Amino acid sequence: MSDGREGEGLGSALPAGDHNANPAGVGIGDLLAEDYRTHGSDPLSPGFWALAVHRFGNWRMDVKHRLLRAPLSLLYQGAHQGVITLWGIDLPYNAKIGRRFRIAHHGAVFIGSREIGDDVTIRHSVTIGLKRKSERLAPVIGNRIEIGPGACIVGDIQVGDDSVVGANTVLAQNVPAGSMVLGVPARFIAPEKEQDQSEGSGVRKS
Amino acid sequence: MLRDLSSGLLQFVAPKSGAKEPGVQEPIPVPGAQSGAVPVTDGRPAEELGLGELLAEDFATHDRDLLQPGFWAVAAHRVGRRAGNVELRAARLALEAAYKVAFTGIDWIWGINLPRSVDLGRRVRLWHNGCMLLAARSIGNDVHIRHDTTFGPARGTEGTPATLPVIEDRADIGSGACVLGGVRVGHDAVVGANTVVVKNVPPHATVLGVPARMIPT
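Every chain begins its residue count from 1, and numbering advances along the sequence as written. The lettering of chains begins at A and the numbering of ligands begins at 1, in the order of writing. Residues qualify for local features only when their pLDDT is at least 70, as the model is predicted, and side-chain atom pairs are given and counted only at 80 or more; totals for whole chains, interfaces and linings, by contrast, use all residues. No hydrogens and no water enter the side-chain calculation; it runs on all heavy atoms of the structure.

**Looking at the overall build of chain A**
Okay, so step 1: Across its full length, chain A holds four helices and 15 strands.
Okay, so step 2: Within the span of chain A, comprising 206 residues, buried residues form 49% of the whole.
Okay, so step 3: For chain A, long-range pairs separated by at least 24 residues make up 38% of all intrachain contacts whose partners lie at least 6 apart in sequence.
Okay, so step 4: Summing over all exposed atoms, chain A offers an accessible surface of approximately 9500 Å²; the carbon and sulfur share of this is 56%. Secondary structure elements are taken from DSSP: a helix is a run of H or I of four residues or more, a strand is a run of E of two residues or more, and numbering for both begins at the N terminus. Burial classification: accessible surface area is computed with a 1.4 Å probe over protein chains only, and a residue below 20% of its type maximum counts as buried, one above 50% as exposed, and the rest as partly exposed. Two residues form a contact once any of their heavy atoms are found within 4.5 Å. In short, Shrake-Rupley with a 1.4 Å probe defines the accessible areas, and a residue's cover is counted only from the protein chains shown.

The following block contains the structure:
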């Protein structure tokens, strides 16, 4: 699943990765500081380090001379593999990711999206990628989206702003802004209905 | 079918000493009132056991196998729970630091995140490892939990303990299951693989699906 395998798997479905696709208008230092705060200012947060490696992978593309870039690319590849091996977070640099992206818990995360907006939160075991090997388009994720643990978001789809993708949901269809989906395959659920259920669930306050 | 499978697994892990584990193979009828009645050898809750006694029991629960990540995760939790009680300040600080290192290491290497805020019962068995986030309010005795399971708050309710799930005694949690919000998984319940529980599960029930539905046993 590495981005190094051009021409098969996801390699050709992602953006080419030939330029710095970090969010525009913010320097790498400020961007990393913001990512650090997004991850609870916790230096032990694997999510932060995975994202930092991603940002570095993009930032290095600003070095246009290939020979000068080679050591940075080597460092990026090593760090990327390290993050995958240690924490199970596969976040290729050419998957475009917006600001304040948060990986709330690590493990079995694969993010092969075409584009992810701002203020998106994912959790462990989240997969974003192709629907079939023969298809070449990965999802586009909007802004302010919450993705529950175990969710799979696959195929040439768009997830609208402010949506919620529930835990263990398999989403392979377009979703308008403000939706809440849950299930295998994903079904729409009404947010207020869910509210009622959780209030009436007989929680014993201790 | 799930129940068959789980009881098969439970038989498989029954300790060699034999009769020490009543109640795991056939559901114990729980007399009325308190759902969390404890059908254990001596009936003491985990807090009343000495650390050594508790760790020995956890070790036996995990097949007396030091290579089981689940044993180490539970052991770190036991030590972390008691670290604050140590009188001598230097020893307490050392123990707290050791706990922090062990907790982070277990979370990073094996992906088992079992915070010490969880009220953990006796003989809890963690099968396999990876992607486990077990931030429940309490986990009862003889609960079996597999890999990729998530216990935690429902969306938007983070931070208050009343919004964390309660897993009662002898519940059997399948791999990939998520139990979210201030819900209660009843004793002897079976939560199937990849199930998402957002409502209470009655005792002895079997649930499966996203979201969870009761299935006949």
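Next comes the rest of the write-up.
**Quick notes on unusual backbone geometry**
Residues and elements named next belong to chain A.
Okay, so step 1: A cis amide bond, omega -5°, links Val184 with the succeeding residue Pro185.
Okay, so step 2: As for its placement among the helices and strands, Pro185 is situated in the loop between β14 (180–182) and β15 (187–188).
Okay, so step 3: Residues other than glycine seldom take positive phi values, yet Ser41 does so here, at roughly 50°.
Okay, so step 4: Note that Ser41 resides in the loop between α1 (28–38) and α2 (46–59).

**Regarding the interface of chain B and chain A**
Okay, so step 1: Opposite the 29 residues of chain B that make contact, chain A presents 29 residues.
Okay, so step 2: What gets called buried area is simply the loss in accessible area from a 1.4 Å probe that two parts show on being joined, summed for both. Interface area for chain B against chain A, summed over the two sides, is near 2300 Å², with a carbon-plus-sulfur share of 57%.
Okay, so step 3: By the criterion of area lost to chain A, the three top residues of chain B are Trp108(B), Arg155(B) and Val210(B), representing 30% of everything that side buries.
Okay, so step 4: Should a side-chain nitrogen of Lys or Arg be within 4 Å of a carboxyl oxygen of Asp or Glu, the pair is scored as a salt bridge. The tally of links between chain B and chain A comes to zero salt bridges.
Okay, so step 5: We call two N or O atoms a polar contact when they sit within 3.5 Å, provided that within protein one can donate a hydrogen and the other can accept it, with sequence-adjacent residues counted only if both atoms are side-chain atoms. Summed over the shared surface of chain B and chain A, the number is seven residue pairs in polar contact (both at pLDDT 80 or more).
Okay, so step 6: No other element matches the five residues that helix α4 (residues 89–109) of chain B contributes to the side of chain B that touches chain A.
Okay, so step 7: The classification used treats Ala, Val, Leu, Ile, Met, Phe, Trp, Tyr, Cys and Pro as nonpolar, Asp, Glu, Lys and Arg as charged, and all other residues, Gly among them, as polar. Residue composition of the side of chain B that touches chain A, by class: 11 nonpolar, nine polar and nine charged.

**Some words on the packing of aromatic side chains**
Okay, so step 1: Stacked, tilted and edge-to-face are the three classes assigned to paired rings of Phe, Tyr and Trp, where Trp is represented by its six-membered ring and a pair needs centres within 6.5 Å; plane angles under 30 degrees give stacked, over 60 edge-to-face, the rest tilted. Scanning all chains against the criterion turns up eight aromatic pairs over all chains.
Okay, so step 2: Seen in terms of ring centroids, Phe71(B) and Trp72(B) are 5.1 Å apart; in terms of plane orientation they differ by 65°. Their pairing is edge-to-face.
Okay, so step 3: By relative accessible area, Phe71(B) is classed as buried at 7%.
Okay, so step 4: For the pair Tyr99(B) and Phe103(B), a centre-to-centre distance of 5.9 Å together with 35° between the ring planes defines the contact as tilted. Of this pair, Tyr99(B) and Phe103(B) are both found in helix α4, four residues apart, which corresponds to roughly one turn of the helix.
Okay, so step 5: A network of ring pairs unites the aromatic residues Tyr36(A), Phe48(A) and Trp49(A) as a single cluster.

**A short note on the confidence of the model for chain B**
Residues and elements named next belong to chain B.
Okay, so step 1: Confidence scores per residue from the predictor, reported as pLDDT, run from 0 to 100. Mean pLDDT over chain B: 84, with 79% of residues reaching 70 or higher.
Okay, so step 2: Predicted confidence is poor over residues 1–40, with pLDDT under 50, and the contacts of this stretch with residues over four places away or in other chains come to 55 contacts.
Okay, so step 3: In the predicted assembly, ipTM is 0.83 and pTM is 0.82.

**Details of the nonpolar core**
Okay, so step 1: In terms of nonpolar packing, the biggest core is built from 33 residues, with Phe101(A), Ile111(A), Ile122(A), Ile147(A), Ile153(A) and Leu171(A) touching the most fellow members.
Okay, so step 2: When residues of this core are traced back to their parent elements, those giving at least two are α2, α3 (66–87) and β4 (109–111) of chain A.
Okay, so step 3: When residues in this core are grouped by element, the largest group, four residues, is from α2(A).
Okay, so step 4: When neighbours within four sequence positions are excluded, Ile111(A) is seen to be in contact with Asp90(A), Leu91(A), Pro92(A), Ala95(A), Ile97(A), Ile116(A), Ile122(A), Val126(A) and Ile128(A).
Okay, so step 5: Note on terminology: a nonpolar core comprises buried Ala, Val, Leu, Ile, Met, Phe, Trp, Tyr and Cys residues joined through side-chain atoms within 4.5 Å. With 30 residues, the next largest nonpolar core counts Ile139(B), Phe151(B), Ala171(B) and Ile173(B) among its residues.

**Re the pattern of salt bridges**
Okay, so step 1: If you walk through the whole model with that rule in mind, you get 20 salt bridges over all chains.
Okay, so step 2: Put simply, Arg123(A) and Glu146(A) hold a salt bridge, and the shortest N to O gap is 3.0 Å. In this pair, Arg123(A) is assigned in the loop between β6 (121–122) and β7 (127–129) and Glu146(A) in strand β9 (residues 146–147), connecting sequence segments 23 residues apart.
Okay, so step 3: Exposure remark for Arg123(A): the relative accessible area of 18% places this residue in the buried category.
Okay, so step 4: The partner of Arg123(B) in a salt bridge is Asp142(B), and the shortest N-O contact between them spans 2.8 Å. Taken as a pair, Arg123(B) in the loop between β2 (119–120) and β3 (125–126) and Asp142(B) in the loop between β5 (138–139) and β6 (144–145) lie far apart in primary sequence, 19 residues in all. With respect to burial, Arg123(B) and Asp142(B) carry one shared label: buried.
Okay, so step 5: Several salt bridges converge on common partners, so that one network encompasses Glu34(A), Arg99(A), Arg100(A) and Asp119(A).

**Quick word on helix α3 (residues 69–83) of chain B**
Residues and elements named next belong to chain B.
Okay, so step 1: Residue count minus one, scaled by 1.5 Å, sets the expected span of a helix. Relative to the 21 Å expected for 15 residues at 1.5 Å per residue, α3 spans 21 Å between its end C-alpha atoms, a close match to the ideal helical length.
Okay, so step 2: Of all 15 residues in α3, 12 are buried, a share of seventy percent or more.
Okay, so step 3: If you check which residues of α3 are buried, you get Pro69, Gly70, Phe71, Ala73, Val74, Ala75, Ala76, His77, Arg78, Gly80, Arg82 and Ala83.
Okay, so step 4: On the buried face of α3, the contacting elements are α2 (51–61), α4, β1 (112–113), β2 and β3.

**Observations concerning the packing of α1(A) against α2(A)**
All names here are of chain A.
Okay, so step 1: Think of each axis as a best-fit line through the C-alpha atoms, taken over the contacting stretch in the case of a helix, with angles from 0 to 180 degrees between the N-to-C directions. Two numbers describe how α1 lies on α2: the axes approach to 10 Å, and their chain directions differ by 165°. The orientation of α1 relative to α2 falls into the category roughly antiparallel. Of the two elements, α1 crosses α2, and the hand of that crossing is right-handed. Contacts from Ile28, Leu31, Leu32, Asp35 and Tyr36 in α1 reach Phe48, Leu51, Ala52, Arg55 and Trp59 in α2. Reported orientations rely on four angle classes, namely roughly parallel under 35 degrees, roughly antiparallel over 145, roughly perpendicular from 65 to 115, and oblique for the rest. Here is the rule for handedness: rotate from the far helix to the near one, and if that takes an anticlockwise turn smaller than a right angle the crossing is left-handed, while a clockwise turn gives right-handed.

**Section: the sheet that holds strand β5 (residues 115–116) of chain A**
All names here are of chain A.
Okay, so step 1: When DSSP finds two or more bridges between a pair of strands, those strands are recorded as paired. The sheet built from four strands is open, its strands ordered β2-β5-β8-β11 with parallel pairing. Looking at which strands have only one partner, the edges of the open sheet turn out to be β2 (96–97) and β11 (158–159).
Okay, so step 2: In this sheet, strand β8 (residues 140–141) lies alongside β5 in parallel orientation, the contact comprising two bridges. Looking at β8, one finds that Glu115 is bridged to Val140.

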